[in-house]
Amino acid sequence: MQVVHDDRGVDPWIQQMFSTRAARRGAVVRRSMCWVDREVGRDTFLREVRRRGCHVIQTADQFIVICHDGPIRLLF
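Here is what the cut-offs are and how they apply
Sequence order as written defines residue numbering, which begins from 1 separately in each chain. Per-residue local features of the predicted model are confined to residues with pLDDT of at least 70, and side-chain atom pairs are confined, for both listing and counting, to 80 or more; whole-chain, interface and lining totals are unaffected and use all residues. Values shown for side chains rest on all heavy atoms present in the structure; no hydrogens or waters enter the calculation. In this description a helix means any DSSP run of H or I spanning at least four residues, a strand means any run of E spanning at least two, and both kinds are numbered starting from the N terminus. Classification of residues uses two cut-offs on accessible area relative to the type maximum, computed with a 1.4 Å probe and protein chains only: under 20% is buried, over 50% is exposed, and between them is partly exposed. Here a strand pair is declared whenever DSSP counts at least two bridges between the two strands. To obtain an axis, a line is fitted to C-alpha atoms, over the contacting stretch when the element is a helix, and the angle between two such axes runs from 0 to 180 degrees between their N-to-C directions. Between two residues, a contact is recorded if the distance between any of their heavy atoms is within 4.5 Å. Each reported salt bridge corresponds to a side-chain nitrogen of Lys or Arg within 4 Å of a carboxyl oxygen of Asp or Glu.

## Focus on the environment of aspartate 11
For step 1, the next point in the chain: Counting through the fold element by element, aspartate 11 comes out in the segment before helix 1 (12-18).
For step 2, the next point in the chain: Put simply, aspartate 11 and threonine 44 are 33 residues apart on the chain and 9.1 Å apart in space, counted from C-alpha to C-alpha.

## Some details on the pairing of strand 3 (residues 62-66)
For step 1, the next point in the chain: For strand 3, a buried count of four out of five residues is recorded, marking the element as mostly surrounded by other parts of the structure.
For step 2, the next point in the chain: Bridge count between strand 1 (residues 28-32) and strand 3: five bridges; the pairing is antiparallel. Residue valine 28 lies in a different strand from strand 3, and its bridge partner there is isoleucine 66.
For step 3, the next point in the chain: Pairing between strand 2 (residues 55-59) and strand 3: five bridges, direction antiparallel. Paired with valine 56 across the two strands is valine 65, which belongs to strand 3.
For step 4, the next point in the chain: Two successive antiparallel strands, strand 2 and strand 3, enclose a turn made up of two residues, where alanine 60 displays a positive phi of approximately 50 degrees.

## Details of the sheet that holds strand 1
For step 1, the next point in the chain: Strand order across the open sheet formed by three strands is 1-3-2, with antiparallel pairing between neighbours. In this open sheet, the two strands that pair with only one neighbour each are strand 1 and strand 2. With strand direction ignored, the average angle separating the axes of adjacent strands in the sheet is 20 degrees.
For step 2, the next point in the chain: Packed onto the sheet, helix 4 (residues 42-51) meets strand 2 and strand 3 and runs at close to 15 degrees relative to strand 3.

## Observations regarding the pattern of salt bridges
For step 1, the next point in the chain: Enumeration according to the criterion identifies four salt bridges in this entry.
For step 2, the next point in the chain: With a closest N to O distance of 2.8 Å, aspartate 37 and arginine 42 form a salt bridge.
For step 3, the next point in the chain: The exposure class of arginine 42 is partly exposed, given its relative accessible area of 30%.
For step 4, the next point in the chain: Three or more residues are tied together by salt bridges with common partners; here these are Glu48, Arg51 and Arg52.

Right under this line is the structure:
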C-alpha cells in the first residue's frame, strides 16, 4: 500500500528521500544513521517516518524504512 502525504514544510532532505521511486512504490529505503544524524537529526527523521505511517528498523549503522503502512512480521 502506498502512503502519500503533503510535503509542504518538510525538510528538503526528507522530501527527497520519500520522493524516490522505491518510497513512492511502498518499497524499502535504507539510510546510514550517521547520514540521518548529520542531515536532519534522528528525532526529526523518526518523527517524519511515523507521521507518514511507515515502519523503521534499526540494524547495525543503518535505518531501513518500509514505506507502507501495512503490517510487517519479522520471521527470524
